[in-house]
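# Fold and geometry: a report
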Amino acid sequence: MPADPAPRMTGREAIALLTGGAGFTEHRPPPRTLPPDGPLGWAGYDAARERAVERTGEEESVVYGTGVAGDRECVLLSFEFGFLGGSLGQLTGDRLEAAYELALTRRLPLVALVATGGSRMQEGMVALTQLQRVAAASTRLRAAGLPQIAVVRDPTTGGGWATVGAGADVVLALPGAQVGFAGSRVRPPDADPYAYGAEGQFAAGQVDAVVPAGELRGTVGRWLRALGARKAHEAPRSAAPLPRAQPSSASGLPTSGREAVERARSPQRPRADTYLADYFTVRLPLHGDRCGGTDPGLLTGFGLRADGQPVAYVAQCGTPTRPAGYRAAARTIRLADRLGIPVLTLVDTPGAANDAEAERAGAGAAIADTFAAIAAARVPVTTLVIGEGGSGGALALAAPGNTHVTADSYFSVIAPELAAAILKRPPAETGATADQLRLRPQDLVELGIARSIVT
């Protein structure tokens, strides 16, 4: 069941929640005069606007300007739901476009505090086309390498969700918020309300985190540091440092292919969570593939190291990686590349999921997209194989020329058991097949597949 939403905040209360005592400097676009009762001449529209002004004290459904969240300056835009349901009209579009332009001009990240019912009916198609203006403005910001964070409040529906909300790089939601393209009055009467709430959208991989209001300021502040935009003409950041080797129950290097496989499959060896906990002081997970899927066996997100360096991470957890996992990986790598943040990948999988559900979910296309994301990355990608390196399902996350291995790992074109079966060899010859595959850490270095063994 969805959580009960918190009492609705005004647009300015939402801004104050993030800025605290740091203050907020409001901006306004150049004034525009609408014809009587708006572009459609909708009878009573002017009167409705006047009542909204009296009720909220605002001139439109969006407030924007500059402020500080955590310790980072940003452009803040906030919807006032009390002003005609936070709906988007022509003047709202002016403000939204101006907010994105302000972020672009000042090279600041943009944080949107969204609460909207969608496009304003009294302005018809003129209101609906404001979504195109928002999309274009967001695209310009994206092309400039500037991050966008959305905090979706109750409710966030319609075109506002489908542009300002879901179009952001990171989507956070307040507990119990109604979130979805279809508002409560236009969805099917028998629809499951969970699917239209913050928690349901998180479960479906459309929201990165559900954050209580009291934790929002700290969370957004950490995200702004982790996604921190580079200054114009700043040199690219250096490669992500290699993780330190984590204590293992075995010592030395494996003497045979069979031993290498057994060590990689041992439940006692350190896993991705152990490496990430040692590597980062702050971890901020990204969640889901934005296509309705999640893979609990693959961790993605951004983190901060002890020296403040931001690094994006993609880490397999020892399970077969599902299509949603590969799509989440590609999403993370491309975002890091756009923001100029180095990437660390941890490889640990027996291979890509190969069940019928994975095929229906587009396993081949998802793996191909991950290969493409790493191949196209302009930022340095560093890979450490910490366990099993099973075929193309593992190679998709490996950086060409910058892959390293641990003593507890192997990397192979195919698992030795499957290789023996394909070659019609008896199970007793699996060990010999593993030796022939030359999959041990030291073999991988000799073959030029890995640059070093991290011990």
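Looking at an unreviewed UniProt entry, the protein chain carries the name Acetyl-coenzyme A carboxylase carboxyl transferase subunits beta/alpha, with the source organism given as Streptomyces cyaneofuscatus. Among the UniProt annotations of the protein chain, the heading Subunit (unreviewed entry) holds the following wording: "Acetyl-CoA carboxylase is a heterotetramer composed of biotin carboxyl carrier protein (AccB), biotin carboxylase (AccC) and two subunits of ACCase subunit beta/alpha."

The next point concerns the overall build of the protein chain. Along the backbone of the protein chain there are 17 helices and 16 strands. Taken over C-alpha atoms, the radius of gyration comes to 25 Å for the protein chain, in line with the 23 Å a tight globule of 455 residues would show. A principal-axis box enclosing the C-alpha atoms of the protein chain has dimensions of 85 × 50 × 35 Å. The buried share of the protein chain, taken over its 455 residues, is 54%. If you take every contact in the protein chain between residues at least 6 apart in sequence, the share linking residues at least 24 apart comes to 73%. When the 45 positive and 45 negative side-chain charges of the protein chain are each reduced to one mean point, those points stand 4 Å apart.

Before going further, it helps to spend a moment on the packing of aromatic side chains. As enumerated under the stated definition, the model contains three aromatic pairs in all. Relative to phenylalanine 280, the ring of tyrosine 279 lies with its centre 4.9 Å away and its plane at 85°, an arrangement referred to as edge-to-face. For the pair tyrosine 279 and phenylalanine 280, one class covers both residues: buried. Sitting over the ring of tyrosine 196, arginine 187 keeps its end group 3.9 Å from the ring centre. Arginine 305 extends its terminal NZ or CZ atom over the ring of tyrosine 279, reaching a point 4.2 Å from the ring centre.

With that settled, consider the UniProt feature "domain: CoA carboxyltransferase C-terminal" (unreviewed entry) in the protein chain. UniProt records the feature "domain: CoA carboxyltransferase C-terminal" (unreviewed entry) for residues 245-455 in the present numbering. For residues 245-455, the helix share is 37%, the strand share is 21%, and the end-to-end C-alpha distance is 5 Å.

This part is about a nonpolar patch on the surface. Judged by side-chain polarity, Leu40, Trp42 and Met121 come together as a nonpolar surface patch covering roughly 360 Å² of accessible area. Position of leucine 40 among the secondary structure elements: in the loop between β1 (24-27) and α2 (45-56). By relative accessible area, leucine 40 is classed as partly exposed at 46%.

Turning our eyes to something else, we now look at the environment of leucine 276. Within the secondary structure, leucine 276 sits in helix α10 (residues 272-279). Once the C-alpha coordinates of leucine 276 and aspartate 408 are considered, the two residues, 132 residues apart in sequence, prove to be 17 Å apart. Residue contacts for leucine 276: discarding those within four places in its chain leaves Arg283, Leu299, Tyr313, Ala315 and Leu346.

A few words on the pairing of strand β9 (residues 282-286). The alternating pattern of β9 places Val282, Leu284 and Leu286 on a buried face, while none of Arg283 and Pro285, on the opposite face, is buried. Alignment of β9 against strand β10 (residues 298-304), held across five bridges, turns out to be antiparallel. Bridge pairing in β10 places leucine 286 opposite threonine 300.

When helix α1 (residues 11-19) is considered as a whole, its buried residues turn out to be Gly11, Ala14, Ile15, Leu18 and Thr19. When α1 is viewed along its axis, its buried side chains cluster within an angular range of 125° and face the same direction. Contacts from the buried residues of α1 go to β1, β2 (62-69), β3 (72-79), β4 (110-116), β5 (148-157) and α8 (213-226). Immediately beyond the C-terminal end of α1, within one or two residues, lies glycine 20, with a positive phi of roughly 55°.

Counting residues in hydrophobic clusters, the biggest one holds 52 residues, and the most contacted among them are Val111, Ile149, Leu172, Leu216, Val220, Trp223 and Phe302. Sorting elements by how many residues they give to this core places helix α11 (residues 323-339) first, with six residues. Ignoring sequence-local partners within four residues, the contact set of isoleucine 149 consists of Leu110, Val111, Ala112, Ala168, Val170, Leu172, Trp223, Leu224 and Leu227.

The next point concerns the packing of helix α3 (residues 90-106) against helix α5 (residues 130-143). Two elements in contact, α3 and α5, have axes separated by 9 Å at closest approach and are oriented at 0°. Judged on the interaxial angle alone, α5 and α3 are roughly parallel. Residues Gln90, Gly93, Asp94, Leu96, Glu97, Tyr100, Glu101, Ala103 and Leu104 of α3 lie in contact with α5, whose contacting residues are Gln130, Arg133, Val134, Ala137, Ser138, Arg140 and Leu141. Residue composition of the contact of α3 with α5, by class: seven nonpolar, four polar and five charged.

The tally for this structure, following the rule as stated, stands at 31 salt bridges. A salt bridge links arginine 95 to glutamate 59; its shortest N-O distance comes to 3.3 Å. On the criterion of sequence distance, the pair formed by arginine 95 in helix α3 and glutamate 59 in the loop between α2 and β2 is long-range, its members being 36 residues apart. Residue classification places glutamate 59 among the partly exposed positions, given a relative accessible area of 46%. Residue aspartate 337 is joined to arginine 378 by a salt bridge in which the shortest nitrogen-to-oxygen separation is 3.2 Å. Remark: arginine 378 occurs in the loop between α13 (363-376) and β13 (381-390) and aspartate 337 occurs in helix α11; sequence separation between them is 41 residues. A single salt-bridge network, built from bridges that share partners, covers Arg12, Glu26, Arg28, Glu58, Glu59 and Arg95.

About the thresholds
- Residues numbered from 1 in each chain as written.
- Predicted model: local features only at pLDDT ≥ 70, side-chain atom pairs only at ≥ 80, totals over all residues.
- Heavy atoms only, no water.
- UniProt positions renumbered as here; feature names shortened; annotations may be inferred.
- Helix = DSSP H or I, 4+ residues; strand = E, 2+ residues; numbered from the N terminus.
- Rg over C-alpha atoms; globule rule 2.2 N^0.38 Å.
- Buried < 20%, exposed > 50% of the residue type's maximum accessible area, 1.4 Å probe, protein only.
- Contact = heavy atoms within 4.5 Å.
- Lys, Arg positive; Asp, Glu negative; His and termini not counted.
- Charge placed at Lys NZ, Arg CZ, Asp CG, Glu CD.
- Phe/Tyr/Trp six-rings, centres within 6.5 Å; stacked < 30°, edge-to-face > 60°.
- Lys NZ or Arg CZ within 6 Å of the ring centre and 35° of its normal.
- Patch = residues over 30% accessible without salt bridge, like charges linked within 9 Å, V, L, I, M, F, W, Y side chains within 5 Å.
- Areas by Shrake-Rupley, 256 points an atom, 1.4 Å probe, with all protein chains shown as cover.
- Salt bridge = Lys/Arg side-chain N within 4 Å of Asp/Glu carboxyl O.
- Pairing = 2+ DSSP bridges.
- Arc of directions from axis to C-beta.
- Core = buried A, V, L, I, M, F, W, Y, C linked by side-chain atoms within 4.5 Å.
- Axes fitted to C-alpha atoms, helices over the stretch in contact; angles between N-to-C directions.
- Parallel < 35°, antiparallel > 145°, perpendicular 65-115°, else oblique.
- Nonpolar A, V, L, I, M, F, W, Y, C, P; charged D, E, K, R; others polar.

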